[in-house]
Amino acid sequence: MKITAAITGLGAYVPDYVLTNAELEKMVDTTNEWILSRTGISERRILKGENQGSSVMGIRAVQNLLDKTGTRPEEVELLICATTTPDMLFPATANIISNGVGIANAFSFDMNAACSTFLFALATGAQFIQAGTHKKVIVVGADKMSAIVDYTDRANCILFGDGAAAVLLEPNTEGYGVLDQVLRTDGSGEAYLHQKAGGSRRPPTHETIDHKEHYIYQEGATVFKFAVKSMADVAAQVMERNHLTNDDVAWLVPHQANKRIIDATANRMGVGPEKVMLNITRYGNTTNGTIPLCLADYESQLRRGDNLILAAFGGGFTWGSIYLKWAYDGDKVAAK
Ligand code: UT7
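Residues numbered from 1 in each chain as written. Predicted model: local features only at pLDDT ≥ 70, side-chain atom pairs only at ≥ 80, totals over all residues. Heavy atoms only, no water.

Asker: Before we go on, may I ask you to explain the pattern of salt bridges in this structure?
Answerer: It is possible for side chains bearing opposite charge to pair when their charged atoms get close. This structure, assessed with the given rule, holds 15 salt bridges. Arg282 serves as the salt-bridge partner of Asp297, at 2.8 Å between the closest nitrogen and oxygen. Here Asp297 is found in helix H11 (residues 290-297), whereas its partner Arg282 is found in helix H10 (residues 280-283), with 15 residues between them in sequence. With its nearest N and O atoms 2.9 Å apart, the salt bridge here joins Lys332 to Asp329. Several salt bridges converge on common partners, so that one network encompasses Lys229, Asp233 and Arg268. (Salt bridge = Lys/Arg side-chain N within 4 Å of Asp/Glu carboxyl O. Helix = DSSP H or I, 4+ residues; strand = E, 2+ residues; numbered from the N terminus.)

Set out below in structure tokens:
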């Protein structure tokens, strides 16, 4: 009997502080009209306060997941944290999250493939379930993008927000869950989207700080072109090789970097806007929060048997698409 990895629950958390386009208009030379028309973003959430890292949001999201699914922390065997903004270079933010919710019988680690990490981590977590060795795996995407955004750089500060969301993976023998994936990287993309300093190549110095090297560096237009082509290519590939037409697809769940990239991907797949999950308007680009936050936002509309196509693109370059058959009726899960 083939074992697949089904998503059996969702948890989410976004911070309370809302950074609106109107507030950004006062910080940099931009307008609400430009931001909305070029990106589709109206507002984003920001995690405020001293000593507050991505784990703060990851803990709240995983706690929400444990509460909603009635899972005891000691039952969890593996927790993977998808993050590009870890609390520290080490130890892993996954360990801090596990400790924060009382997961003590598991192993945990971080993955970082920029904005595609959640998809890569979902595929990785699914392998442990499919192998038959693990029965409860949590994958949490958590990013405090505000920690690496330069709020004097108008091209980038309008894009990003903070947030976290988590999924529980469990074995399924009825054909639900992760069914296929295409995951890719092209390391030559490094030049166009990266953070220059803070790692082992350029450890922090007064100079790296003065030169603002601890912030996101992005050549937006180049990244945009790659993103449109790559995300649409892999999503179409996953559909074709699983003989899925646009009628068979219930939902496209795209990474939320720019609404124009999302629209282009949906067009290429022939999927109408009513089937596209969107939260970029309210949250901006939360990096590894985008896809699980979408699933959590739309949970009540998800039906057992729905075919979902997840797709992402990020720094690296990294990109990918996952075909997932949804395992439960979302409206039967009490929102907590
Ligand atoms: O999730 C990780 C992957 N990241 C992405 O997928 C992001 C991909 N890139 C994008 O979404 C878009 O490229 C941006 C939203 C970043 C920029 O939009 P764009 O349409 O590509 O604009 P652009 O960079 O080509 O800039 C056009 C103009 C420039 O002015 P000039 O040189 O033509 O006079 C910019 O300086 O828009 C200007 N501009 C702004 N104007 C008002 C850039 N940012 C702003 C701003 N407000 N916030």
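Now that the structure has been shown, the text picks up again.
Asker: How should I be thinking about the site of the ligand in this particular structure?
Answerer: Close to the ligand lie 22 residues; Thr30, Arg38, Arg154, Asn258 and Asn285 are nearest. Separating an oxygen atom of the ligand from a side-chain N or O atom of Arg38 is a distance of 2.8 Å. The separation between an oxygen atom of the ligand and a polar side-chain atom of Arg260 is 3.1 Å. Protein chains bury 71% of the 950 Å² of accessible surface belonging to the ligand in isolation. Listed by contribution, the elements that provide at least two residues to the shell around the ligand are helix H2 (32-39), helix H6 (154-157), helix H8 (220-241) and helix H9 (259-269). Element by element, the count of residues in the shell around the ligand is highest for H8, at 4 residues. (Near = heavy atom within 4 Å. Polar contact = N/O pair within 3.5 Å; in protein donor to acceptor, adjacent residues only side chain to side chain. Areas by Shrake-Rupley, 256 points an atom, 1.4 Å probe, with all protein chains shown as cover.)

Asker: Help me out: how do you make sense of the nonpolar core in this one?
Answerer: Across soluble globular proteins, you tend to see nonpolar side chains buried next to one another. Formed by 39 residues in total, the largest nonpolar core has its most connected members in Ile216, Leu252, Met269, Ile309 and Phe313. Those elements giving two or more residues to this core turn out to be H8, H9, strand E12 (307-314) and strand E13 (318-325). (Core = buried A, V, L, I, M, F, W, Y, C linked by side-chain atoms within 4.5 Å. Buried < 20%, exposed > 50% of the residue type's maximum accessible area, 1.4 Å probe, protein only.)

Asker: Just checking my understanding: could you explain the packing of H8 against H9 for this structure?
Answerer: For any two helices packed against each other, the geometry is given by the interaxial angle and the distance between the axes. Orientation of H8 relative to H9, taken along the N-to-C sense of each, is 35°, at an axis distance of 9 Å. The chirality of how H8 crosses H9 is right-handed. For the pair H8 and H9, the contacting residues are Phe224, Ala227, Val228, Lys229, Met231, Ala232, Asp233, Ala235, Ala236 and Met239 in the first and Arg260, Ile261, Ala264, Thr265, Arg268 and Met269 in the second. Of the residues contributing to the contact of H8 with H9, the split by class is 11 nonpolar, 1 polar and 4 charged. (Axes fitted to C-alpha atoms, helices over the stretch in contact; angles between N-to-C directions. Left-handed = near helix turned anticlockwise from the far one by under 90°. Contact = heavy atoms within 4.5 Å. Nonpolar A, V, L, I, M, F, W, Y, C, P; charged D, E, K, R; others polar.)

Asker: Quick question: what am I supposed to make of the sheet that holds E12 here?
Answerer: Two orientations exist for strands paired in a sheet by backbone hydrogen bonds: parallel and antiparallel. Here we have 4 strands laid out as an open sheet, ordered E8-E13-E12-E11, and mixed in their pairing. With one partner strand each, in any of the chains shown, strand E8 (177-185) and strand E11 (251-254) form the two edges of the open sheet. Taking each pair of neighbouring strands and ignoring which way they run, the sheet shows an average axis angle of 15°. With 8 bridges connecting them, E8 and E13 associate as antiparallel partners. Paired with Asp180 across the strands is Tyr323, a residue of E13. Sheet strands in contact with helix H5 (residues 117-130) are E8, E12 and E13, and its direction is about 135° off that of E8. (Pairing = 2+ DSSP bridges.)

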